[in-house]
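Topology and contacts: notes
Given next are the chains, with one letter for each unit.
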Amino acid sequence: MSNNLRFKTSKFIDETYRVSFKFNNKTYFGFKGDTLASALLANGIHLVGRSFKYHRPRGIMTSGSEEPNAIIQLHDNSSRTEPNVRATEVEIYEGLVASSQNCWPSVNFDIGGINNLLSPILPAGFYYKTFMWPASFWEKYEYFIRKSAGLGKSPKVADPDIYEHKYIHCDVLVIGAGISGIMAAKMAAKNGFKTLLVDEKSYLGGSSIYDNSEFSKINNQITSSWLEKEINEISKLENLEIKIRTSVAAFHGYNFLLARENLTDHLPINQRENKVRQRLLKIRAKKVITATGSIERPLIFHNNDRPGIMLSSAIKRYIDLYGVACGENNILFTNNDTAYETAMSLIQRGIKINAIIDNREQIDSKISYEVEKNNIKIYKGYTVVDTYGYRRINKISIMKLSKDGQTVIGDKTKLNCDCLGVSGGWTPAVHLFTQSGGKLKFREEDQVFIPNVYPSDQISIGSCNGDFGLEEIIKNTLSSIKKFLDIDNSEYKTVETISGLNQSKRNIWLLPSDKSIGKTKSFVDYQNDATAKDIKLALREGFRSIEHVKRYTTTGMGTDQGKLGNMHALGIISETAGTKMGEHGTTTFRPPYTPLTFGTIVGRNVGEFFDIFRRTPIHDWHVANNAEFENVGQWKRAWYYPKDNENMHQAVQRESKAARDSAGILDASTLGKIDIQGTDASEFLNRVYTNAWSKLAIGKCRYGLMLNEDGMVYDDGVTTRLGENHYIMTTTTGGAANVLGKLEDYLQTEWPELDVYLSSVTDHFATISVCGPNSKKIVSKVVPDLDLSDEKFPHMSFKNSKIDNIKCRIMRISFTGEHSYEINIQANFGKSVWEKCMEAGKDFNITPYGTETMHLLRAEKGFIIVGQDTDATLTPIDLQMDWIVSKKKYDFIGKRSLYRSDTIREDRKQLVGLLTENPEEVLEEGAQIVADIKKSPIEMLGHVTSSYYSPNLKKSIALGVVKGGKNMLGQKLIIPMENKNINVTVADPVFLDKEGERLNAKL
Amino acid sequence: MFLINCPFCGEREQSEFKAGGEAHIVRPKQPTELSDDEWAEYLFMRKNIKGVQFERWNHVHGCRKWFNMVRDTSNDQIKAVYKMGEKPPVK
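Residues numbered from 1 in each chain as written. Chains lettered and ligands numbered in written order. Predicted model: local features only at pLDDT ≥ 70, side-chain atom pairs only at ≥ 80, totals over all residues. Heavy atoms only, no water.

Helix and strand counts for chain B stand at one helix and six strands. Moving toward the C terminus, one meets the helices and strands of chain B in the order β-β-β-α-β-β-β. Here chain B, with 91 residues, has 34% of them falling under the buried criterion. Considering only contacts within chain B whose residues lie at least 6 apart along the sequence, 44% involve residues at least 24 apart. Counting only carbon and sulfur atoms, one obtains 48% of the accessible surface of chain B, whose full area is about 5,400 Å². With 15 positive and 13 negative side-chain charges, chain B shows a spacing of 6 Å between the two charge centroids. (Helix = DSSP H or I, 4+ residues; strand = E, 2+ residues; numbered from the N terminus. Buried < 20%, exposed > 50% of the residue type's maximum accessible area, 1.4 Å probe, protein only. Contact = heavy atoms within 4.5 Å. Areas by Shrake-Rupley, 256 points an atom, 1.4 Å probe, with all protein chains shown as cover. Lys, Arg positive; Asp, Glu negative; His and termini not counted. Charge placed at Lys NZ, Arg CZ, Asp CG, Glu CD.)

Structure below.
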């Protein structure tokens, strides 16, 4: 480690606070305030990773979130390890452990580096072209390709950290706390706007906060001093909230933005416990001011990717902000004045600059004269044609550019260096603006895309709006914010600026070399190893759209989304294709701007909070009695109750038999319940159900079938008339919300003249169904006051009653075909009434049964389950339920569709019963049904929808849909399975008690 | 994510709403009088416009009311919201 790399003159570094960290198993030291990148550079380390495709050594290139190369694996434990972290964004803390990615066995010696030598045979589209044939080999290729692809390692166990989401509503959101962002926030907050200012860095002020140059002054003060006073002032403002370490990830329509706030990542590990690590801010802003600044462009030349080649602005930031010199023998390579600012920062600290290579023939700015005065050789009109040094740059060669900039002329000169700062001008960071739907325009003078049409109440200011000079930035910020916020007082009197920079630039997208393009590696996308050569190849092969070139060459498809090189890719495409830059547009910038952790995205919605689930009031009893649960919609329903060592089949057989032999009890609380009231309630039911409702007497129940307007079965359930204008409708468990929505839709939009009101009361009642030959004896014990005689309380009727003085509704309805009662009681009494029923049924072997047994029992009776036996392609006629479709009613939902040419076809799939030749053989639900297996291709007639072994019938039963099945009674069909063909006979879907005697059996 | 001005509740997040397809399609009063083609026209045919479109929306996680919206599908700008049965305030 060479000590003279650190100049302890920065106020951003706390040199009294030494921090130790590990990189690639070696311990280093940095200071509080360092990023991992600045601390590594201070230790003389440039080489931090290997590139994705060629495994070329790569170093730290930038100082911010645009970093393409220095992406590392953070943490070494299996739960917190995080891949693809940008070393330039990680603030160091005591105990930090990081390592290089994409290299084996080590970053210094990487086996994969062989790809670099093989690169002539690894052009763009190599994988597409090579592994296409033969198609059947793909599975074999895939294994090896997947093994060698991908960056970093994902954690193996659950993330132990805490994340959360937070909503923020503000009048004005300012994104970016550079000089224009600070000014905008002050103007907004001081004029009464509730303002939020966010910045991704750990400090405010952007790049101006370390601008100590005599060449940029505001009101005769050094820029950084002026800005510090401004920051000091705004930090005291009451209606301004400032969030640092907060990166806006997405800018959606209607000024809805997502931002990630980093709360603990910079703290020593032992100070993070029980603290929220990251917070996803969901921001809804009335007005948005985007001040995201700009990103310095690299230059595209042969071998422009070696460790030690960095953006010139990054070199300046490292020395000014962190007090770190990136090299001891520096060369700057530029096409504009930015590099001269870097040069001045280095000169001030006495750091050696060997030369400046400038593409421009003429340079006319105060700052360049000042640099020249310091005896620094400037090569005007020159370009770098090659670089040398494997793990770190050690030499460059330069040549003179031709007049048109397309070729190089003259002799080659070699210059030594250990760090090369490049500057290709600036690219406005318009990513968020375009995410919001904004349209860009291309500015020819300096070849940049800038905001043009705003889709919402927002504005872009500062260099993200294409203002690069200090004077322009301040002047335009003041005037546009005044207009944007419609304020009289700008809070700034006069702001005078001095800048020694000139905005001249000589833009050449692809710098020429003395080698032919085929022999060069001029990287455009550093992370994905896409070169200028690849882009040209794509164009030669016929790709024209920028989106296609992007995908073919993978330019801009890395985790950095090509923040550095996308503009060059566009430039090279338009130059090669001979088109204008603005015509191509840009590739789509997609959220997130920088990668988000999964933890941030899901927030607190992990584990049992991952999804909502609903429990019935009797849930705890089911748990206590060993129930297995099944998810039905959002509900947790008891599935079956295994006893001793029973498996599911054994439990269901026992439960099913008990329900028919003596008594069963089911928690039916999940059934949807809709309370329907109003003078037109009967008429309403007439219109929504297929059968007639006007004549249903008070106190009676009726089964109803509901269709979609296309005639297909939508839902079913029993509805009870509680009073003259009062009904309670039950729906399927899963369909409850949709049925209510559909009914509301018709009421509000088609039939607003009807006097009907709907309320969901699903959660208000617990529903307990007691069935079986002994159900009457049990219910009479639970509700002793009620006369249960068939005369007073026949099947399909309802009574109000009381249990222990609590009002309840009792319906005598049945989904099993057994004599049964449904007790509906206020939900919070559900469990105690259930327990009462269990107690009352003790002598009758009352058996709790779950959804599986319920399904089996109803299948014995041929009752359909909407959604299992139906799939939105079946009409009631297809289900052989013609009896429920009223012929007399003029209209109901779906009626007209029942005689469309398609719905009256005889060969539609129709519901039938299926009996297997071998009564012990149980069919698989979903199995295909065919008639002729010799025919090729075999015609599929339908499929099995429900299948069980019935312990009551002592044989296998099934329901299925079969083309023209209605007329196939007794016919033999085949269910072809993997190893055998199963013979079945089409049967009546009602397998048990066709006459319904069990319902009214004298008990 | 849209900010939708429910005509009954005021501005709310889009996540509280459900889109309900094209607006101003009236269910025929006498479906039995219609030919298969006429009924199919009502049942199946919907416009999918790039530009200004009239839509039904339901404040499903709010007041449960249905209402109409005029939206430009090319840029998602909501031009107007109005109650069921009302005439569109913009063309």
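Here the narrative resumes, following the displayed structure.
Looking only at helices and strands, chain A features 23 helices and 50 strands. Dimensions of chain A along its principal axes, counting C-alpha atoms only, are 115 × 70 × 55 Å. Here chain A holds 1003 residues, and the buried ones make up 59% of them. Intrachain contacts of chain A at a sequence separation of at least 6 include 66% that bridge at least 24 residues. When the accessible surface of chain A is split by element, carbon and sulfur atoms take 51% of a total near 41,800 Å².

In this section: the nonpolar core. All names here are of chain A. Formed by 133 residues in total, the largest nonpolar core has its most connected members in Leu-36, Leu-173, Ile-283, Tyr-318, Ile-357 and Ile-396. Looking at this core element by element, the count peaks at eight residues for helix H5 (residues 179–190). The residues contacting Tyr-318, other than those within four sequence positions of it, are Thr-35, Ala-37, Ser-38, Leu-41, Ile-60, Thr-62, Ser-63, Thr-88, Met-310, Gly-323, Val-324 and Cys-326. Of all hydrophobic cores here, the second largest spans 30 residues; its members include Ala-627, Tyr-821, Cys-837 and Met-838. (Core = buried A, V, L, I, M, F, W, Y, C linked by side-chain atoms within 4.5 Å.)

We now examine the pattern of salt bridges. In this structure the tally under the stated criterion is 68 salt bridges over all chains. Note that Glu-13 of chain B and Arg-284 of chain A form a salt bridge whose closest N and O atoms lie 2.9 Å from each other. Placement of Glu-13 of chain B in strand S2 (residues 10–13) and of Arg-284 of chain A in strand S15 (residues 276–290) is noted, with the two residues assigned to different chains. Since its relative accessible area comes to 13%, Glu-13 of chain B is described here as buried. (Salt bridge = Lys/Arg side-chain N within 4 Å of Asp/Glu carboxyl O.)

This next bit is on the sheet that holds strand S11 (residues 221–222) of chain A. All names here are of chain A. Strand order across the open sheet formed by three strands is S11-S10-S29, with antiparallel pairing between neighbours. At either margin of the open sheet sits one strand with a lone partner, and together these are S11 and strand S29 (497–499). Pairing geometry for strand S10 (residues 216–218) and S29, over three bridges, is antiparallel. The residue of S29 that forms the bridge with Ile-218 is Thr-497. (Pairing = 2+ DSSP bridges.)

All names here are of chain A. Where helix H18 (residues 648–661) contacts helix H23 (residues 851–860), the two axes come as close as 9 Å, and the packing angle between them is 55 degrees. The angle between H18 and H23 places the two elements in the oblique class. Seen along the crossing, H18 lies across H23 with a hand that is right-handed. Across the interface between the two elements, Met-648, Val-652, Gln-653, Glu-655, Ser-656, Ala-659 and Arg-660 of H18 pack against Glu-852, Thr-853, Leu-856, Leu-857 and Glu-860 of H23. Classifying every residue of the contact of H18 with H23 by side-chain character gives five nonpolar, three polar and four charged. (Axes fitted to C-alpha atoms, helices over the stretch in contact; angles between N-to-C directions. Parallel < 35°, antiparallel > 145°, perpendicular 65-115°, else oblique. Left-handed = near helix turned anticlockwise from the far one by under 90°. Nonpolar A, V, L, I, M, F, W, Y, C, P; charged D, E, K, R; others polar.)

Next up on the list: the interface of chain B and chain A. On the chain A side, the residues contacting the 27 residues of chain B number 28 residues. Buried area between chain B and chain A, summed over both chains or domains, comes out near 2,500 Å², and the portion from carbon and sulfur atoms is 44%. In this assembly, chain B and chain A are joined by six salt bridges. Its salt-bridge partner being Asp-36 of chain B, residue Arg-896 of chain A comes within 2.7 Å of it at the nearest N-O pair. (Buried area = accessible area lost by both parts, 1.4 Å probe.)

A cluster of nonpolar side chains, namely Ile-114, Leu-117 and Leu-118 of chain A, defines an oily patch on the protein surface of about 300 Å² accessible area. Tracing the backbone through its elements, the reader meets Ile-114 of chain A in helix H2 (residues 114–117). (Patch = residues over 30% accessible without salt bridge, like charges linked within 9 Å, V, L, I, M, F, W, Y side chains within 5 Å.)

Residues and elements named next belong to chain A. Per the domain assignment, the segments of chain A are domain 1 (3–117), domain 2 (162–294 + 428–499), domain 3 (306–422), domain 4 (516–601), domain 5 (611–886) and domain 6 (905–999). Put simply, the middle of domain 1 and the middle of domain 3, counted by C-alpha atoms, are 24 Å apart. Counting residues at the interface gives 29 residues for domain 1, matched by 22 residues for domain 3. Across the contact surface, domain 1 and domain 3 share zero salt bridges. Remark: the boundary between domain 1 and domain 3 carries 11 residue pairs in polar contact (both at pLDDT 80 or more). Looking at the side of domain 1 that touches domain 3, the elements with two or more residues in it are helix H1 (36–42), strand S3 (47–50) and strand S4 (57–59). Looking at the side of domain 1 that touches domain 3 element by element, the count peaks at four residues for H1. Of the residues assigned to the side of domain 1 that touches domain 3, the class counts are 11 nonpolar, 13 polar and five charged. (Domains from an automatic or database assignment. Polar contact = N/O pair within 3.5 Å; in protein donor to acceptor, adjacent residues only side chain to side chain.)

As a further point, take empty space enclosed by the protein. All names here are of chain A. Evaluation of the coordinates by the stated rule reveals five cavities of 30 Å³ or more. Taken as a whole, the largest cavity encloses approximately 220 Å³ of empty space. If you trace the largest cavity, you find 24 residues lining it, with Gly-562, Asn-566, Met-567, Leu-570 and Phe-589 closest to the centre. Every element with two or more residues in the lining of the largest cavity is listed here: strand S25 (426–428), strand S27 (448–453), helix H13 (546–553) and helix H14 (566–577). (1 Å grid on protein atoms, 1.4 Å probe; cavity = no way out; pocket = protein on both sides within 12 Å on 5 of 7 lines; lining within 4 Å. Points joined across faces, edges and corners; volume = space filled by probe spheres on them.)

So, about helix H8 (residues 338–348) of chain A. Residue and element names in this part refer to chain A. Buried residues dominate H8, accounting for 10 of its 11 residues. Those residues of H8 not exposed but buried are Thr-338, Ala-339, Tyr-340, Glu-341, Thr-342, Ala-343, Met-344, Ser-345, Leu-346 and Ile-347. In the segment just after H8, Gly-350 is the residue with positive phi, at about 70 degrees.

Attention shifts here to the packing of helix H12 (residues 532–540) of chain A against H13 of chain A. Residue and element names in this part refer to chain A. Here H12 crosses H13 at 125 degrees, and the two axes come no closer than 10 Å. Compared by their axis directions, H12 and H13 come out oblique. As H12 packs across H13, the resulting crossing turns out to be right-handed. Note on element contacts: H13 touches H12 through Val-549, Tyr-552 and Thr-553, opposite Asp-534, Ile-535 and Ala-538. When its residues are assigned to classes, the contact of H12 with H13 shows four nonpolar, one polar and one charged.

Turning our attention to the packing of aromatic side chains. Inspection of the entire model under this criterion finds 23 aromatic pairs over all chains. Centroid distance Phe-17 of chain B to Phe-67 of chain B: 5.8 Å. Interplanar angle 85 degrees. Geometry classified as edge-to-face. Taken as a pair, Phe-17 of chain B in the loop between S2 and strand S3 (18–22) and Phe-67 of chain B in strand S5 (residues 66–72) lie far apart in primary sequence, 50 residues in all. Grouping aromatic residues by their ring pairs yields a cluster made of Tyr-254 of chain A together with Phe-2 and Trp-57 of chain B. Stacked on the ring of Phe-484 of chain A, the Lys or Arg Lys-287 of chain A has its end atom at 4.4 Å from the ring centre. (Phe/Tyr/Trp six-rings, centres within 6.5 Å; stacked < 30°, edge-to-face > 60°. Lys NZ or Arg CZ within 6 Å of the ring centre and 35° of its normal.)

A separate point is unusual backbone geometry. Residues and elements named next belong to chain A. That bond from Pro-591 to Pro-592 is cis: its omega, -5 degrees, falls within 30 degrees of zero. Summarising the element assignment, Pro-592 is placed in the loop between helix H15 (581–584) and helix H16 (598–602). Following Ser-936, the chain continues into Pro-937 via a peptide bond in cis, with omega recorded as -5 degrees. Residue position: Pro-937 is located in the loop between strand S46 (928–930) and strand S47 (940–950). Positioned with a positive phi, Asp-529 is a non-glycine residue whose angle comes to about 60 degrees. Within the secondary structure, Asp-529 sits in the loop between strand S30 (523–525) and strand S31 (530–531).

By secondary structure assignment, the location of Lys-994 of chain A is in the segment after strand S50 (981–987). Taking the C-alpha atoms as reference points, Lys-994 of chain A and Lys-861 of chain A, separated by 133 residues in sequence, lie 7.6 Å from one another.

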